[in-house]
Amino acid sequence: MAEKRIIKCPNCGLFNTNKEYCSKCNTLISHQKKRELKASAVKQKEVDKAIHERENPNLAERLKKHPNVFYRIVGWALYSAITIVSLIGAGLAWFIAMVAAG
């Protein structure tokens, strides 16, 4: 036999039995349904963020694909400089962590 759930509507105060929405004011009262809706909203937000990042690349990526050769060279130089600075920073962080570890 199914479990009987009695939920009080936070909007109108009516007690509802085994319902996701209030029978009087149609307010969502199911906690499980609220969690599902929130999870789907978070998932949709992540999908939108990934689509935005894919459709709007950074300056170096845009310059690397430019039709003008000069801009392509500048893009690759900028990309290389960012990569080298990142590698130096990562190596410095590793070195500091090793020195601190003894």
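For the structure itself, consult the block above.
Described in the following lines is the structure provided in the data block. (Residues numbered from 1 in each chain as written. Predicted model: local features only at pLDDT ≥ 70, side-chain atom pairs only at ≥ 80, totals over all residues. Heavy atoms only, no water.)

## Observations concerning the overall build of the protein
Thinking step 1. Regarding its fold elements, the protein presents 3 helices and 2 strands.
Thinking step 2. A compact globule built from 102 residues would reach a C-alpha radius of gyration of about 13 Å, whereas the protein, at 27 Å, exceeds it by more than 25%.
Thinking step 3. If one aligns the C-alpha atoms of the protein with their principal axes, the spans along those axes are about 70 × 50 × 30 Å.
Thinking step 4. When the 102 residues of the protein are sorted by exposure, 11% land in the buried category.
Thinking step 5. By sequence separation, contacts in the protein at least 24 residues apart represent 2% of the contacts at least 6 residues apart. (Helix = DSSP H or I, 4+ residues; strand = E, 2+ residues; numbered from the N terminus. Rg over C-alpha atoms; globule rule 2.2 N^0.38 Å. Buried < 20%, exposed > 50% of the residue type's maximum accessible area, 1.4 Å probe, protein only. Contact = heavy atoms within 4.5 Å.)

## Some thoughts on the state of the cysteines
A covalent bond between the sulfur atoms of two cysteines is referred to as a disulfide.
Thinking step 1. For the structure on display, the rule yields 0 disulfides.
Thinking step 2. Looking at the unpaired Cys12, the closest cysteine sulfur is the one in Cys22, lying at 3.5 Å.
Thinking step 3. Cys12 gets classed as partly exposed once you look at its relative accessible area, which sits at 32%.
Thinking step 4. Considering cysteine sulfurs only, Cys9 is the nearest to Cys25, which forms no disulfide, with 3.5 Å between them. (Disulfide = S-S within 2.5 Å.)

## With respect to the side chain of Ser30
Thinking step 1. Within the secondary structure layout, Ser30 lies in the loop between strand 2 (15-17) and helix 1 (31-55).
Thinking step 2. Assessed through its relative accessible area of 2%, Ser30 is described here as buried.
Thinking step 3. A polar contact is formed between the side chain of Ser30 and the backbone nitrogen of Lys33, at a distance of 3.3 Å.
Thinking step 4. Ser30 has contacts with Arg5, Lys19 and Glu20, leaving out every residue within four places of it along the chain. (Polar contact = N/O pair within 3.5 Å; in protein donor to acceptor, adjacent residues only side chain to side chain.)

## What to know about the packing of aromatic side chains
Thinking step 1. Enumeration according to the criterion identifies 2 aromatic pairs in this entry.
Thinking step 2. Ring centres of Trp76 and Tyr79 lie 5.8 Å apart, and the angle between their planes is 85°; this geometry places the pair in the edge-to-face category. Note that Trp76 and Tyr79 are positioned in helix 3 (residues 69-101) at a spacing of 3 residues, about one turn of the helix.
Thinking step 3. A relative accessible area of 45% means that Trp76 is categorised as partly exposed.
Thinking step 4. When the ring centre of Trp76 is taken as reference, the NZ or CZ atom of Lys64 above it lies at 4.3 Å. (Phe/Tyr/Trp six-rings, centres within 6.5 Å; stacked < 30°, edge-to-face > 60°. Lys NZ or Arg CZ within 6 Å of the ring centre and 35° of its normal.)

## Quick word on the pattern of salt bridges
Thinking step 1. All told, the structure shown has 1 salt bridge when counted by the stated rule.
Thinking step 2. For Glu61, the salt bridge goes to Lys64, with nearest N and O atoms at 3.5 Å. On the criterion of helical spacing, the pair formed by Glu61 and Lys64 is a turn pair, its members being 3 residues apart in helix 2 (residues 59-64).
Thinking step 3. Classification of Glu61 by relative accessible area gives partly exposed; the value is 23%. (Salt bridge = Lys/Arg side-chain N within 4 Å of Asp/Glu carboxyl O.)

## Thoughts on the side chain of Asn16
Thinking step 1. Mapping Asn16 onto the fold places it in strand 2.
Thinking step 2. By relative accessible area, Asn16 is classed as buried at 3%.
Thinking step 3. Among the polar contacts listed, one links the side chain of Asn16 to the backbone oxygen of Leu14, at a separation of 3.2 Å.

Read these as layout, nothing more, since geometry by itself doesn't imply function.
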